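The primary structure of each chain is shown beneath.
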Amino acid sequence: MAELKGALIGCGFFAINQMHAWQDVEGARIVAICDRDPERLKLVGDQFGIERRYADAAAMFADGGFDFVDIATTVASHRALVEMAASHRIPAICQKPFAKTLSDAKAMVAACATAGVPLMVHENFRWQTPIQAVKTVLQSGAIGEPFWGRFSFRSGYDVFSGQPYLAEGERFIIEDLGIHTLDIARFILGDVASLTARTKRVNPKIKGEDVATILLDHESGATSIVDVSYASKLATEPFPETLIELDGTKGSIRLSQGYRLEVSGPDGVTISDASPQLLSWASRPWHNIQESVLAIQQHWTDRLANGGETSTSGADNLKTLALVEAAYESAASLRSVDIGAML
Ligand code: NAD
Ligand code: 89V
């Protein structure tokens, strides 16, 4: 099978991870890059040895010569770029947040479906080694039927130095980070019927909320809590670990700080290390996220080569984005929100 050729749009902070990961993916490579900022275009082009460089995505699509596009820009440009890919019948990966609104996201999914091209959202957190380890234990039946869960990300890490735009938006933690945690909750306990949320802003230097507590009623009947914070000053900084607690009819799972995985079941207790690998180009503490970038990009490449829907397809991600919108709606109205009615 010939190697797939990709083009990447958006050579910013996070795209460096994506470019490193593309070098490690088997079966695909990046042949062209685009950024409207000439400094970022030069930096990434020189670092990764990419000759074909564009300031304008339309010009890059017009020249063609690639099998898929990887959109690594911030959310404002996602709809236009995904629709541009669909109009050229080019399969697309789009970074999270998939779209500014659920109605934009539905239009993007429809555009790619009409064009008959695959669309995947780069929702990589469910691809982290510790999250996959929890899912594997749950699927083995070791704790029976899960009836309660907690998905928790609490940190005091300075995310604003690498991503200054995060301090400027009216919305912050649910849209940027909680979106991952909500997706993990769906991945582990299944789709959500209704949700209730409360938010707070603790850091006076930012515009949006930096604390959120969300109660989920899953369609299975399980209840879970998603709690996220960038205002938590802890003795040992856990960034960027998602901690998980699950109680089932036969036992329990605890994924705790330091990637410690404890499973308690009818046959006793097992404790294992669910740490991610430190890839050659990765650096702590980001290595957990960096490894998941390689995993999701390999998954995309395998599905594009062999067929089948990706785990975080555009259609799947509508259900995660609905939870984000519902959380803001619930925090504003102080009411519970019906998710089915939004989809
Ligand atoms: P950034 O601002 O550092 O980089 C974005 C780049 O895109 C910039 O260089 C900008 O010039 C370029 N750009 C924007 N619109 C463009 C357009 N229309 N055409 C060409 N170039 C354009 O942002 P970032 O921190 O790298 O974040 C990018 C995306 O990645 C965001 O959506 C963010 O939420 C997401 N992100 C995801 C993860 C993850 O783990 N999945 C982690 C961090 C960031
Ligand atoms: O994954 C992300 O989207 C990042 C961070 C982990 C810093 O929140 O923005």
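Predicted model only: the values in this text are computed from it and were never measured.

Take the site of ligand 2 next. Lining the immediate environment of ligand 2, one finds Lys96, Phe125, Val159, Gln163, Asp176, Leu177, His180, Tyr230, Trp286 and Ile289. Here an oxygen atom of ligand 2 sits 2.6 Å away from a polar atom, N or O, in the side chain of Lys96. His180 is positioned such that a nitrogen or oxygen atom in its side chain is 2.9 Å from an oxygen atom of ligand 2. For ligand 2, the accessible surface in isolation is 270 Å², of which the surrounding protein chains cover 94%. Among the cavities detected, the one that contains ligand 2 is the largest pocket. For the shell around ligand 2, the leading source of residues is helix α7 (residues 173–189), giving 3 residues. A per-class count over the shell around ligand 2 returns 6 nonpolar, 2 polar and 2 charged.

This part takes up the sheet that holds strand β4 (residues 68–71). Whether parallel or antiparallel, the strands of a sheet pair through hydrogen bonds between backbone atoms. Pairing in this open sheet of 6 strands is parallel, and the strands run β3-β2-β1-β4-β5-β6 from one edge to the other. Looking at which strands have only one partner, the edges of the open sheet turn out to be β3 (52–54) and β6 (119–122). With strand direction ignored, the average angle separating the axes of adjacent strands in the sheet is 25°. Judged from the 6 bridges that link them, strand β1 (residues 4–9) and strand β2 (residues 28–34) form a sheet pairing that is parallel. Bridging across to β2, Ile9 finds its partner in Cys34. Docked against the sheet, helix α1 (residues 15–24) engages β1, β2, β4, β5 (92–95) and β6, running at close to 145° with respect to β2.

Let us now look at the site of ligand 1. Taken together, 26 residues lie around ligand 1, and Phe14, Asp35, Lys96, Asn124 and Tyr165 are the ones closest in. Take Thr73: an N or O atom from its main chain is 3.4 Å from an oxygen atom of ligand 1. With respect to ligand 1, the side chain of Tyr165 contributes an N or O atom lying 2.7 Å from an oxygen atom. In isolation ligand 1 has 850 Å² of accessible area, and contact with the protein removes 87% of it.

What follows is about the packing of aromatic side chains. The final tally for this structure, using the stated rule, is 11 aromatic pairs. With a centroid separation of 5.8 Å and 75° between ring planes, the pair formed by Phe153 and Tyr230 is classed as edge-to-face. Note that Phe153 is positioned in strand β7 (residues 146–154) and Tyr230 in the loop between β10 (223–229) and β11 (243–248), a separation of 77 residues in sequence. One exposure class covers both Phe153 and Tyr230, and it is buried. Feature note: the residues Phe13, Phe153, Tyr157, Phe160, Phe172, Tyr230, Phe239 and Trp286 constitute an aromatic cluster, connected by ring pairs. Note that Lys135 overlies the ring of Phe187, its terminal NZ or CZ placed 4.5 Å from the centroid.

Along α7, the helix axis deviates most sharply at Ile179, where the bend reaches about 45°. The buried fraction of α7 amounts to 16 of the 17 residues, a majority that puts the element mostly inside the structure. Backbone geometry just downstream of α7 places Gly190 in the positive-phi region, at approximately 90°.

There is about 1,300 Å³ of room inside the largest pocket. Ala72, Thr73, Thr74, Val75 and Tyr165 are, among the 50 residues lining the largest pocket, the residues nearest its centre. Going through the elements one at a time, α1, α3 (57–63), α4 (78–87) and α7 are the ones with two or more residues in the lining of the largest pocket. At 4 residues, the largest contribution of residues to the lining of the largest pocket is made by α7.

Spacing of three or four residues puts side chains on the same side of an α-helix, whose turn is 3.6 residues. Compared with the 20 Å implied by 1.5 Å per residue over 14 residues, the 20 Å span of helix α5 (residues 102–115) between its first and last C-alpha is a close match. Within α5, burial applies to Leu102, Asp104, Ala105, Met108, Val109, Cys112 and Ala115. Angularly, the buried residues of α5 cover 160° about the axis, an arc narrow enough to put them on a single face. Opposite its buried face, α5 presents the exposed residues Ser103, Ala113 and Thr114, each directed more than 90 degrees away.

When a strand is regular, its side chains alternate between the sheet's two faces. By the bridge criterion, 4 bridges tie β11 to strand β12 (residues 252–256) in an arrangement that is antiparallel. The residue bridging Glu245 from the neighbouring strand is Arg254, located in β12. Where β11 folds back onto β12 in an antiparallel hairpin, the turn is made up of 3 residues. Pairing analysis gives 5 bridges linking β12 to strand β13 (residues 260–265), with the strands arranged antiparallel.

For the rest of this paragraph, the subject is the confidence of the model for the protein chain. Per-residue confidence for the protein chain averages 98 on the pLDDT scale, and 100% of its residues sit at or above 70. Both confidence scores are given for the complex: pTM 0.98, ipTM 0.99.

Across the sheet, 9 strands lie side by side as β14-β13-β12-β11-β7-β10-β9-β8-β15; this open sheet has mixed pairing. The strands lining the two open edges of the sheet, one partner per strand, are β14 (268–273) and β15 (337–338). Here 6 bridges tie β13 to β14, and the two strands are oriented antiparallel to one another. Within β14, the position partnered with Arg260 by the bridge is Asp273. Contacts from helix α6 (residues 129–139) reach β7, β11, β12 and β13, with the element oriented near 175° to β12. Against the sheet, α7 makes contact with β7, β8 (192–200), β9 (211–218), β10 and β11, and its axis sits at roughly 155° relative to β10, the strand it touches most.

Reading the values: the criteria
- Residues numbered from 1 in each chain as written.
- Chains lettered and ligands numbered in written order.
- Predicted model: local features only at pLDDT ≥ 70, side-chain atom pairs only at ≥ 80, totals over all residues.
- Heavy atoms only, no water.
- Near = heavy atom within 4 Å.
- Polar contact = N/O pair within 3.5 Å; in protein donor to acceptor, adjacent residues only side chain to side chain.
- Areas by Shrake-Rupley, 256 points an atom, 1.4 Å probe, with all protein chains shown as cover.
- 1 Å grid on protein atoms, 1.4 Å probe; cavity = no way out; pocket = protein on both sides within 12 Å on 5 of 7 lines; lining within 4 Å.
- Sits in = over half its atoms within 2 Å of the grid points.
- Helix = DSSP H or I, 4+ residues; strand = E, 2+ residues; numbered from the N terminus.
- Nonpolar A, V, L, I, M, F, W, Y, C, P; charged D, E, K, R; others polar.
- Pairing = 2+ DSSP bridges.
- Axes fitted to C-alpha atoms, helices over the stretch in contact; angles between N-to-C directions.
- Contact = heavy atoms within 4.5 Å.
- Phe/Tyr/Trp six-rings, centres within 6.5 Å; stacked < 30°, edge-to-face > 60°.
- Buried < 20%, exposed > 50% of the residue type's maximum accessible area, 1.4 Å probe, protein only.
- Lys NZ or Arg CZ within 6 Å of the ring centre and 35° of its normal.
- Bend = angle between axes of the 7 residues up to and from the residue.
- Points joined across faces, edges and corners; volume = space filled by probe spheres on them.
- Expected span 1.5 Å × (residues − 1).
- Arc of directions from axis to C-beta.
- pLDDT = per-residue confidence, 0-100.

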